[in-house]
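Descriptive analysis of the structure
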Amino acid sequence: MRVRSLVLVLVLAVAGCGPRSTPVAAPSASVAAPNGVDLLFAQMMVVHHAQAVQLSRIVAAEPGVSERIRHVAGFIARDQQREIDETNAWLVAWGRPAVDPADPVVRQLHGGGEAAAHGMLSDAQLDRVRDAAPAEASRLFLQQMIAHHTGAITMARSALEDGGNAYIRTLATHIINEQTAENDAMRALLVTPPPG
């Protein structure tokens, strides 16, 4: 199973394909209204995903980084930007404001500062990737994205336990499945780095 997940992620990344789109559930009488856990998870995940997109774009712009690392970073950036857009559309559909990931009040949901929760990275950690030589930037990207994904998986499991809205449950399940497979692929790349 692990080998199939690794192959799937790498094939999708190389092909430039994205995963299935998660449908946005519009409010209706048959859809459970979001509870506090659903809303908090949505807000936090927009911020969390925005940082993954930022980290992916940093390493993809690094001269000399291998094409395989660029493909993985591009795949993550596209998938998570799509989920940001869909989750903000879901929030608006339920009469809540869209989340601006740069809003310092929203960023505090993750603890902010240098010791942020849920795998969030500090500005210094992002700068280390930006300033590193290509091989080191790739290694840091993989290590930091694995930790970042692990935080998202933990949050998604909590949302499945206590959330009730169909969209949030679908999103949380997608995050667990997709990011677990991506972590397997990235761990494999740490063991056997791609050629430069």
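This one's a predicted model, so the numbers in the text were calculated from it and none came from an experiment.

1. Some remarks on the overall build of the protein chain
Within the protein chain, the secondary structure is distributed over seven helices and zero strands. Starting at the N terminus and walking to the C terminus, you meet the elements of the protein chain as α-α-α-α-α-α-α. Here the protein chain holds 196 residues, and 47% of them are scored as buried. Of the contacts formed within the protein chain by residues at least 6 apart in sequence, a portion of 81% connects residues at least 24 apart.

2. Some remarks on the layout of surface pockets
Of the pockets and cavities examined, the second largest pocket occupies roughly 190 Å³. Taken together, 14 residues form the lining of the second largest pocket, with Ala135, Ser138, Arg139, Pro193 and Pro194 sitting closest to its centre. Elements represented by at least two residues in the lining of the second largest pocket include exactly helix H6 (134-162) and helix H7 (166-191). Ranked by the residues each element gives to the lining of the second largest pocket, the list is headed by H6, at five residues.

3. Looking at the nonpolar core
Core analysis: the largest hydrophobic core is formed by 28 residues, its most contacted members being Phe41, Trp90, Ile168 and Ile175. For this core, the secondary structure elements donating two or more residues are helix H2 (36-60), helix H3 (67-93), H6 and H7. A total of nine residues in this core trace back to one element, the largest contributor, which is H2. Ile76, Leu126, Ala132 and Ala137 belong to the second largest nonpolar core, which has 21 residues in total.

4. Details of the packing of H2 against H7
It is at 11 Å that the axes of H2 and H7 come closest, and there the two elements cross at 40 degrees. As the angle between them shows, H2 and H7 are arranged oblique. The handedness of the crossing between H2 and H7 comes out as left-handed. In this structure, H2 uses Asp38, Phe41, Ala42, Met45 and His49 to contact H7, whose residues at the interface are Ile168, Leu171, Ala172, Ile175 and Gln179. The residue inventory of the contact of H2 with H7, partitioned by class, reads seven nonpolar, two polar and one charged.

5. Considerations on the packing of aromatic side chains
The final tally for this structure, using the stated rule, is one aromatic pair. Seen from their ring centres, Trp90 and Tyr167 are 5.6 Å apart, and the 25 degrees between their planes marks the pair as stacked. Of this pair, Trp90 sits in helix H3 while Tyr167 sits in helix H7, placing them 77 residues apart in sequence. Both residues of the pair, Trp90 and Tyr167, count as buried.

6. So, the packing of helix H5 (residues 123-131) against H6
For any two helices packed against each other, the geometry comes down to the angle between their axes and how far apart the axes lie. Close contact between H5 and H6 brings their axes to 7 Å; oriented N to C, the two are set at 145 degrees. Contact residues: Gln125, Arg128 and Val129 in H5; Glu136, Ala137, Leu140, Phe141 and Gln144 in H6. Across the contact of H5 with H6, the residue classes break down as four nonpolar, two polar and two charged.

7. As for the environment of Ile69
With respect to the helices and strands, Ile69 occurs in helix H3. Every residue in contact with Ile69, bar those within four places of it in the chain, is listed here: Val59, Ser138, Phe141, Leu142, Leu189 and Pro194.

8. Examining the confidence of the model for the protein chain
The share of residues in the protein chain with pLDDT of 70 or more is 80%, and the mean pLDDT across the chain is 84. Throughout residues 1-23 the model reports pLDDT below 50, and contacts reaching past four residues in sequence, or to other chains, amount to 35 contacts.

9. Let's talk about the pattern of salt bridges
Inspection of every chain in the model, using the stated rule, returns seven salt bridges. Linking Arg70 and Glu67 is a salt bridge whose minimum nitrogen-to-oxygen distance equals 3.3 Å. Taken together, the positions of Arg70 and Glu67, both in helix H3 and three residues apart, correspond to about one turn of that helix. One salt bridge connects Glu86 with Arg82, and the closest N-O pair in it is separated by 3.2 Å. Here Glu86 and its partner Arg82 are both found in helix H3, four residues apart, which amounts to about one turn of the helix. Summarising the burial analysis for this pair, Glu86 and Arg82 share the class buried. When salt bridges that share partners are traced, they join Asp79, Arg82, Glu83 and Glu86 into one network.

10. Some details on H2
Along an α-helix, residues three or four positions apart point the same way, because every turn accommodates 3.6 residues. Along its 25 residues, H2 runs 36 Å from first to last C-alpha, staying within 8% of the 36 Å computed at 1.5 Å per residue. Counting buried positions along H2 gives 18 out of 25 residues, so the element sits mostly inside the fold.

Basis of the calculations
Residues numbered from 1 in each chain as written. Predicted model: local features only at pLDDT ≥ 70, side-chain atom pairs only at ≥ 80, totals over all residues. Heavy atoms only, no water. Helix = DSSP H or I, 4+ residues; strand = E, 2+ residues; numbered from the N terminus. Buried < 20%, exposed > 50% of the residue type's maximum accessible area, 1.4 Å probe, protein only. Contact = heavy atoms within 4.5 Å. 1 Å grid on protein atoms, 1.4 Å probe; cavity = no way out; pocket = protein on both sides within 12 Å on 5 of 7 lines; lining within 4 Å. Points joined across faces, edges and corners; volume = space filled by probe spheres on them. Core = buried A, V, L, I, M, F, W, Y, C linked by side-chain atoms within 4.5 Å. Axes fitted to C-alpha atoms, helices over the stretch in contact; angles between N-to-C directions. Parallel < 35°, antiparallel > 145°, perpendicular 65-115°, else oblique. Left-handed = near helix turned anticlockwise from the far one by under 90°. Nonpolar A, V, L, I, M, F, W, Y, C, P; charged D, E, K, R; others polar. Phe/Tyr/Trp six-rings, centres within 6.5 Å; stacked < 30°, edge-to-face > 60°. pLDDT = per-residue confidence, 0-100. Salt bridge = Lys/Arg side-chain N within 4 Å of Asp/Glu carboxyl O. Expected span 1.5 Å × (residues − 1).

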